[in-house]
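# A look at the structure
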Protein chains: 2
Amino acid sequence: MSADLFDRAGALFRETQESIIGALESLEAQHGDGSRFRRDEWTRGPESNGPITGGGGLTCVLEGGRVFERAGVNFSAVRGRYSEEFARTLPGEGLDFAACGVSLVIHPRSPRLPTVHMNHRRLSRGATGWFGGGSDLTPYVLDEDDARHFHRTLHDACARHPAVASYDRFKRECDDYFYNHHRGEARGLGGIFFDYLTDDPEETLAFMRDSCAAFLLAYLPIVERHIDEDYTDAEREWQKLRRGRYVEFNLLHDRGTMFGLRTGGRVESILMSMPPEVSWRYAAEPEAGSREAALLEVLRTPRSWVGAP
Amino acid sequence: MSADLFDRAGALFRETQESIIGALESLEAQHGDGSRFRRDEWTRGPESNGPITGGGGLTCVLEGGRVFERAGVNFSAVRGRYSEEFARTLPGEGLDFAACGVSLVIHPRSPRLPTVHMNHRRLSRGATGWFGGGSDLTPYVLDEDDARHFHRTLHDACARHPAVASYDRFKRECDDYFYNHHRGEARGLGGIFFDYLTDDPEETLAFMRDSCAAFLLAYLPIVERHIDEDYTDAEREWQKLRRGRYVEFNLLHDRGTMFGLRTGGRVESILMSMPPEVSWRYAAEPEAGSREAALLEVLRTPRSWVGAP
């Protein structure tokens, strides 16, 4: 029955991958240059380095599109053995693990379009399994309507499953997790983040289904609102600097990236999260009163986006 | 006497900083656009966050030069208290620490000019002090004469101080340290790297003096040889991709970056090591038989650059 749940979760994640790829390709066809995803199927044999010893995945990457400068939408279902040290940090017994999930990062070309990250996964250690995941938004200029729409959509997906999901808790966990401690600022405007959901697997799977579906409902309208806006070179420069912060978070702080690289995951699939063009500049600060400065203020003091305005 | 040694080491590092800044500005004046270093003096009071509670430094950054796209040459002399956990990994007793050093990363604009890193430092825990440091070269195309010249110069500095320095050991430590484990490739062509030199402090200080001086002797002739070479857009693209590997090393693996960020060091001074313009692209591989492919081969199988040809 747990194996059955793993397979059903895997099927959901695989379908989610296809529907997101379809939506992004159709946006690129309508507003861009018709770029499509490259698809790389991969398998890991028992001879592979690292703890992952079986299974595989489908890495899908679109690069150089007019709308999407770099988008990776990955599915994987692997099994293997945890290290003793790593296993100690997890629920369950023993060292056997299984993991399946869908994971994406979208870096649009225009600085008017936010970067977005989504991940939904099922993990197990021995006979104990749990769900985890979330979605979060990283814009380059502050648009409060976008932030409210994104959070409201995720809020509603949680609200349909009160037995297993809590928007307030998942929003707080997201703010705490996607935080660049060394900079004293959030990576973006947050969203929801949750892990170790072990109770009531059937209801949690139903929530995962809603949460996966909520992703496109939350993100696409934001893209459609801003996709035809012009932008300046200065906005593009600012985007590249902020993408540097994205890199800093993912390489310095992200447990998912660490987990993948340490368990012998496929490097090019894990690091598809890196933005395509990035800058660092010494002590760069936006002009006072600019939209960029307004964004920084919110990143330094995360806000509530749902509820009384 | 140990305090005296700390001050004399500090004076050496500060002089080294000035002479390197002078040499880089003069190259920029002769071959570039006359860009100069911006100088930021900073101090940390006892009220500061993190274990560093006193001292300060001089961060010098040149950005947007025609020759040097981004160069940071930093001096600092700080004191504070280690965490218990961190202190356990170090020689000496107690939690008091003092550190002074000079640290630089130079990212030239032209892909024909290698990136270079150098760091020389004195650290102490309680009454125990030690020296550490090194220099290493990260080119974007393979030029074997450059590699031999760089290593030979560092070799000769070590050879003048056989009681405290060993090129063979320091070269091996450099290859081991500046290694992108997740990629299975070295960051660059190496150089020398050493730490915890506690014996014979006077002779070690003499070696540090030679090693600091060797940096310009090792690097400048390489810059002068290639500074007027033309390069293609494809070479520039390759450089930006390889700079991505530099970022990966510094944020995923570098203990110096971690140490700085965790002890409450000055973020903009620590992250001046980040390259100015960087790219990531999915599964990018150079053309077989190209100079770029030749470089990758050497990064995957580090070579000896001194001795019988």
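Before reading on, note that the structure itself is shown above.
Below or above, wherever it landed, is the structure these notes cover. (Residues numbered from 1 in each chain as written. Chains lettered and ligands numbered in written order. Predicted model: local features only at pLDDT ≥ 70, side-chain atom pairs only at ≥ 80, totals over all residues. Heavy atoms only, no water.)

## With respect to the packing of helix H6 (residues 233-253) of chain B against helix H9 (residues 291-300) of chain B
Residues and elements named next belong to chain B. Applicable threshold: Only C-alpha atoms enter the line fits that serve as axes; for helices the fit covers just the stretch in contact. Angles between N-to-C directions range over 0 to 180 degrees. Only runs of H or I of at least four residues qualify as helices and only runs of E of at least two qualify as strands under DSSP, and these elements are numbered from the N terminus. Here is the rule for angles: anything less than 35 degrees is roughly parallel, anything more than 145 is roughly antiparallel, 65 through 115 is roughly perpendicular, and the remaining ranges are oblique. Throughout, a crossing is termed right-handed when the near helix is turned clockwise from the far one, and left-handed when it is turned anticlockwise from it by less than a right angle. Between two residues, a contact is recorded if the distance between any of their heavy atoms is within 4.5 Å. Ten residues, namely Ala, Val, Leu, Ile, Met, Phe, Trp, Tyr, Cys and Pro, are considered nonpolar, four, namely Asp, Glu, Lys and Arg, are considered charged, and the remaining ones, Gly among them, are considered polar.
Orientation of H6 relative to H9, taken along the N-to-C sense of each, is 20 degrees, at an axis distance of 12 Å. Of the possible angle classes, the one that applies to H6 and H9 is roughly parallel. By crossing handedness, the relation of H6 to H9 is classed as right-handed. Touching Glu235, Trp238 and Arg242 of H6 are Glu292, Leu295, Leu296 and Leu299, all from H9. Classifying every residue of the contact of H6 with H9 gives 4 nonpolar, no polar and 3 charged.

## Notes on the sheet that holds strand E9 (residues 190-197) of chain A
Residue and element names in this part refer to chain A. Operational definition: Note on pairing: two strands pair once DSSP finds at least 2 bridges between them.
The antiparallel open sheet is built from 7 strands, whose spatial order is E1-E2-E3-E4-E5-E6-E9. What marks the edges here is a single partner per strand, and that holds for strand E1 (38-43) and E9. Put simply, the sheet's adjacent strands are angled 5 degrees from each other on average, direction ignored. With 6 bridges joining them, strand E6 (residues 128-138) and E9 adopt antiparallel strand pairing. Bridged to glycine 133 within E9 is phenylalanine 194. Helix H4 (residues 167-177) contacts E6 and E9 of the sheet and is inclined by roughly 100 degrees relative to E9.

## Side note on the packing of aromatic side chains
Residues and elements named next belong to chain A. The condition is simple: Whether two aromatic rings pair depends on their centres lying within 6.5 Å, for rings of Phe, Tyr and Trp, where Trp uses its six-membered ring; planes under 30 degrees apart make the pair stacked, over 60 edge-to-face, and the rest tilted. Each residue's exposure class comes from its accessible area (1.4 Å probe, protein chains only) as a fraction of the maximum for that residue type: buried when under 20%, exposed when over 50%, partly exposed otherwise. Cation placement over rings: the criterion is NZ of Lys or CZ of Arg within 6 Å of the ring centroid and within 35° of the ring normal.
Throughout the structure, instances matching the rule amount to 24 aromatic pairs over all chains. Measuring from ring centre to ring centre gives 4.6 Å for tyrosine 82 and phenylalanine 97, while their planes differ by 35 degrees; the resulting arrangement is tilted. Of this pair, tyrosine 82 sits in the loop between strand E3 (68-81) and helix H2 (84-87) while phenylalanine 97 is found in strand E4 (residues 96-108), placing the two residues 15 residues apart along the sequence. Each member of the pair, tyrosine 82 together with phenylalanine 97, is buried. Joined through ring pairs, the aromatic side chains of Tyr177, Phe178, Phe193 and Phe249 make up one cluster. One Lys or Arg, arginine 122, reaches over the ring of phenylalanine 131 and ends 4.6 Å from the middle of that ring.

## Points about the interface of chain B and chain A
What counts here: Summed over both partners, the accessible surface that disappears when two parts come together, traced with a 1.4 Å probe, is what is meant by buried area. A side-chain nitrogen of Lys or Arg and a carboxyl oxygen of Asp or Glu constitute a salt bridge if their distance falls within 4 Å.
The interface is formed by 31 residues belonging to chain B together with 31 residues belonging to chain A. A combined buried area of about 2800 Å² lies between chain B and chain A, and 59% of that area is made up of carbon and sulfur atoms. Together, B:Glu268, B:Trp280 and B:Tyr282 form the three largest contributors to the area buried by chain B at its contact with chain A, with a combined 30%. The tally of links between chain B and chain A comes to 4 salt bridges. Residue B:Lys240 pairs with A:Glu277 through a salt bridge whose shortest N-O separation is 3.1 Å.

## Topic: helix H9 (residues 291-300) of chain A
Counting along an α-helix, one turn takes 3.6 residues, and residues three or four places apart therefore face a common direction. Inspection of H9(A) places A:Glu292, A:Ala293, A:Leu295, A:Leu296, A:Val298 and A:Leu299 among the buried residues, and these make up the whole buried set. For H9(A), the elements touching its buried residues are strand E8 (185-186) and helix H6 (233-253) of chain A.

## A short note on the pattern of salt bridges
According to the stated counting rule, one finds 66 salt bridges over all chains in the structure shown. Linking B:Glu18 and B:Arg14 is a salt bridge whose minimum nitrogen-to-oxygen distance equals 2.8 Å. Here B:Glu18 and its partner B:Arg14 are both found in helix H1 (residues 2-31), 4 residues apart, which amounts to about one turn of the helix. Judged by relative accessible area, B:Arg14 falls into the partly exposed class, the value being 29%. Among the charged side chains, a salt-bridge network with shared partners connects A:Asp143, A:Glu144, A:Asp145, A:Asp146, A:Arg148, A:Arg225 and A:Arg303.

## Side note on the relation of the copies chain B and chain A
Counted only if it meets this: For this overlay, a least-squares fit was computed on C-alpha atoms, restricted to residues scoring pLDDT of at least 70 in both copies.
Rotating chain B by 180 degrees and moving it 0.0 Å along the rotation axis overlays it on chain A with an RMSD of 0.0 Å. The operation mapping one copy onto its partner corresponds to a two-fold rotation axis. For chain B, the minimum C-alpha distance to the rotation axis belongs to B:Val278 and amounts to 2.5 Å. Looking at the interface residues of chain B, 100% of them are also at the interface in chain A, so both copies use one shared face.

## Overview of the pairing of E6(A)
All names here are of chain A. Of all 11 residues that make up E6, 10 are buried, and the element is covered over most of its length. Of the strand pairs in this sheet, strand E5 (residues 115-125) and E6 are connected by 11 bridges, and their pairing is antiparallel. Counted as the bridge partner of methionine 118 is serine 135 from E6. The antiparallel pairing of E5 with E6 creates a hairpin that spans 2 residues between the two strands, and glycine 126 there sits at a positive phi of about 55 degrees.

## Side note on the side chain of A:His151
Examined against the element boundaries, A:His151 turns out to sit in helix H3 (residues 144-159). Aside from chain neighbours lying at most four places away, what touches A:His151 is A:Tyr167, A:Lys171, A:Leu189, A:Gly190, A:Gly191, A:Trp305 and A:Val306.

## Some details on empty space enclosed by the protein
Residue and element names in this part refer to chain B. What counts here: Two kinds of site are reported from a 1 Å grid over the protein atoms alone, namely cavities, where a 1.4 Å probe fits but cannot get out, and pockets, open sets with protein on both sides within 12 Å along at least five of seven lines, and residues are called lining when an atom falls within 4 Å of a point. Grid points are joined across faces, edges and corners, and a volume is the space filled by probe spheres set on the points.
What the rule picks out here adds up to 8 cavities of 30 Å³ or more. When its volume is computed, the largest cavity comes out at roughly 60 Å³. Lining the largest cavity, in full, are Pro111, Arg112, Pro114, Leu137, Pro139, Tyr140, Val141, Asp143, Asp146 and His226. Tallied by class, the residues present in the lining of the largest cavity amount to 6 nonpolar, 1 polar and 3 charged.

## Let's talk about the layout of surface pockets
All names here are of chain B. Computed from the structure, the second largest pocket encloses a volume of approximately 1300 Å³. As for the second largest pocket, its lining consists of 49 residues, and the residues nearest its centre are Arg255, Gly256, Thr257, Phe259 and Gly260. Class assignment for the residues of the lining of the second largest pocket results in 22 nonpolar, 19 polar and 8 charged.

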